[in-house]
Amino acid sequence: MKKIIALLLVFTVFFAFAACGKNGDDTTTTKNSETVKPSQSQTTTGKNSDESENGYSKIPDTMSTEDGKYEIAFVTDIGQLLDKSFNQGTWEGVKKYAYDNEKSYKYYQPANGNQATDTDRFNAMRAAATAGARVVICAGYLQEEALKRAATEFPEVKFIFIDGQVIKDGEGEEEKALSNVAAVDYNEEQSGYLAGYAAVMEGYTRLGFTGGGGGNNPSCNRFAYGYAQGIEQAAEKLDKEVELTLSWEYGSAFSPSAELQTMLGGWYAKGTEVIFCCGGPMCQSAFAAASANDGAVIGCDVDQSSESDTVITSAMKGLQKSVELMLDKVYKDKWDEIGGKQTTLGAKQGAVGLPEDSWSMKNFTVESYNKLFTAMKDGEIKVDRDYSKLKQESFEKLKLVIV
């Protein structure tokens, strides 16, 4: 995945102010007196070798340590670790931080895949804590109940909840936020807005949206609502009527499926020109449907242009960078700035946006996009975050069809 250098610079500067060889199997790094060695089944990358912009992707996903302990742990959301989306974007941040700071790391996937229960998730977190984790990164809103249990049982471990909300314990006046959990979410509605606005300015008038979580995933819902708002604003600017078909069907498990591909293929066949697919591995179904029907796709979470020629842009959020910055708080003893608190990242911090490096649109230019983004960052463009309004929203130029 390609990163947006300008956005990352803004992101890094914000947090700075907020805080005042060759590949080979025998490559090792040293952390204090502990030897950390990548798994012998993997290749590794030394700091002087070819490091990719997408977060040192050549760092192995599996490593070994002499004592079997791992200091930084990642518990995945549903789906595969290397899903070219949410899990992978988060994991890249974990690996990069661990690599740069010579920390041992390991990922844990809850048992039973997409059918994982809260117990499965808790067991993964417990395995991480008992294997020596000082900090555990948990991805996805579905982790909340398991994370509450794990944070209570392992108070000495710090947990970073990506795409989650502050976790509280107790009842009534006794309810309080768990101080060893730092919650991070994003202004996905802003990123969705940028994608919708860009698509209409590019010339598309019949658009689609398919999302994961069955309509219960706050992140996907914010993407959808922002997308609709961006479409409406661009349509008003151009004084043209546009149509958006939106569905949560076949997305409850965030998995690609023949049913989803057939549905999206039907949309394209009936005239839909571009579909925003928000749901990790689900995007594979969108890519296939678009390829078969000469359609276009808007990717999600990370720059997905390398995954399919059908991708015209991606509505991104700074998963990798935010993980690195939150881990930096841990290791610089600044946990009190984030522990028990909600950190929301958006345009102001450079944490959302479209990928300029892989720009393929011709009518809507990078220059026009930069002006739009700057206006959003400066607060001139405000995007409503309350996605519960989506079904009640009355648009003037947008015909919204929810199926």
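Calculation criteria
Residues numbered from 1 in each chain as written. Predicted model: local features only at pLDDT ≥ 70, side-chain atom pairs only at ≥ 80, totals over all residues. Heavy atoms only, no water. Buried < 20%, exposed > 50% of the residue type's maximum accessible area, 1.4 Å probe, protein only. Helix = DSSP H or I, 4+ residues; strand = E, 2+ residues; numbered from the N terminus. Arc of directions from axis to C-beta. Contact = heavy atoms within 4.5 Å. Axes fitted to C-alpha atoms, helices over the stretch in contact; angles between N-to-C directions. Parallel < 35°, antiparallel > 145°, perpendicular 65-115°, else oblique. Left-handed = near helix turned anticlockwise from the far one by under 90°. Nonpolar A, V, L, I, M, F, W, Y, C, P; charged D, E, K, R; others polar. Core = buried A, V, L, I, M, F, W, Y, C linked by side-chain atoms within 4.5 Å. Phe/Tyr/Trp six-rings, centres within 6.5 Å; stacked < 30°, edge-to-face > 60°. Lys NZ or Arg CZ within 6 Å of the ring centre and 35° of its normal. Pairing = 2+ DSSP bridges.

Enquirer: Any chance you could explain helix α4 (residues 144-153) here in plain terms?
Expert: Side chains of residues three or four places apart in an α-helix project in the same direction, reflecting 3.6 residues per turn. Within the span of α4, buried status applies to A146, L147, A150 and A151. Along the axis of α4, the buried positions cluster into a sector of 125°, meaning they face one direction only. Contacts from the buried residues of α4 go to α3 (118-130), β6 (135-139), β7 (158-162) and β10 (181-186).

Enquirer: What exactly am I supposed to notice about the packing of helix α5 (residues 188-202) against helix α10 (residues 366-377) here?
Expert: A pair of packed helices can be characterised by two numbers: the angle between their axes and the separation between those axes. Between α5 and α10, whose axes approach to 11 Å, the crossing angle comes to 150°. Considering their axes alone, α5 and α10 lie roughly antiparallel with respect to each other. Like other packed secondary-structure pairs, α5 and α10 cross with a definite hand, here right-handed. Here α5 contributes Q190, Y193, L194 and Y197 to the contact with α10, which in turn contributes Y369, L372, F373 and M376. Here the contact of α5 with α10 is built from residues that sort into seven nonpolar, one polar and no charged.

Enquirer: Got a minute to help me understand the nonpolar core in this structure?
Expert: Across soluble globular proteins, nonpolar side chains show a tendency to be buried alongside one another. Counting 55 residues, the largest nonpolar core has I72, V136, I137, F159, I160 and I162 as the members making the most contacts within it. Contacts of I137, omitting those with residues within four sequence positions, involve I72, A73, F74, V75, T90, V94, I160, I162, V323 and L327.

Enquirer: I'm lost on the packing of aromatic side chains in this one. Help?
Expert: Here the distance between the centres and the angle between the planes together describe a pair of aromatic rings. Taken as a whole and assessed by the stated rule, the structure comprises 14 aromatic pairs. On the basis of an interplanar angle of 70° and a centroid distance of 5.0 Å, the ring pair of Y227 and F276 is categorised as edge-to-face. Note that Y227 is positioned in helix α6 (residues 218-238) and F276 in strand β13 (residues 274-278), a separation of 49 residues in sequence. The exposure classification of Y227 matches that of F276, with both residues buried. Centroid distance W359 to Y369: 5.6 Å. Interplanar angle 45°. Geometry classified as tilted. Here W359, found in the loop between β17 (352-353) and α10, pairs with Y369, found in helix α10; they are 10 residues apart in sequence, far enough to count as distant. You'll find W359 and Y369 in the same group, each marked buried. Ring pairing ties together the aromatic residues Y193, Y197, W359, F364, Y369 and F373, which thus form one cluster. Against the face of W335 rests K158, its NZ or CZ located 5.8 Å from the ring centre.

Enquirer: Just checking my understanding: could you explain the sheet that holds strand β16 (residues 342-345) for this structure?
Expert: Strands in a sheet are paired, the pairing made by backbone hydrogen bonds, and the direction either parallel or antiparallel. Pairing within the open sheet is parallel, and its six strands lie in the order β5-β4-β6-β7-β10-β16. On the outer flanks of this sheet lie β5 (105-108) and β16, each paired with one strand and no other. Put simply, the sheet's adjacent strands are angled 20° from each other on average, direction ignored. Taken together, the four bridges between strand β4 (residues 72-75) and β5 define a ladder with parallel strand orientation. Note on β5: the bridge partner recorded for V75 is Y108.

These results come straight from atomic positions and should not be treated as a statement about function.
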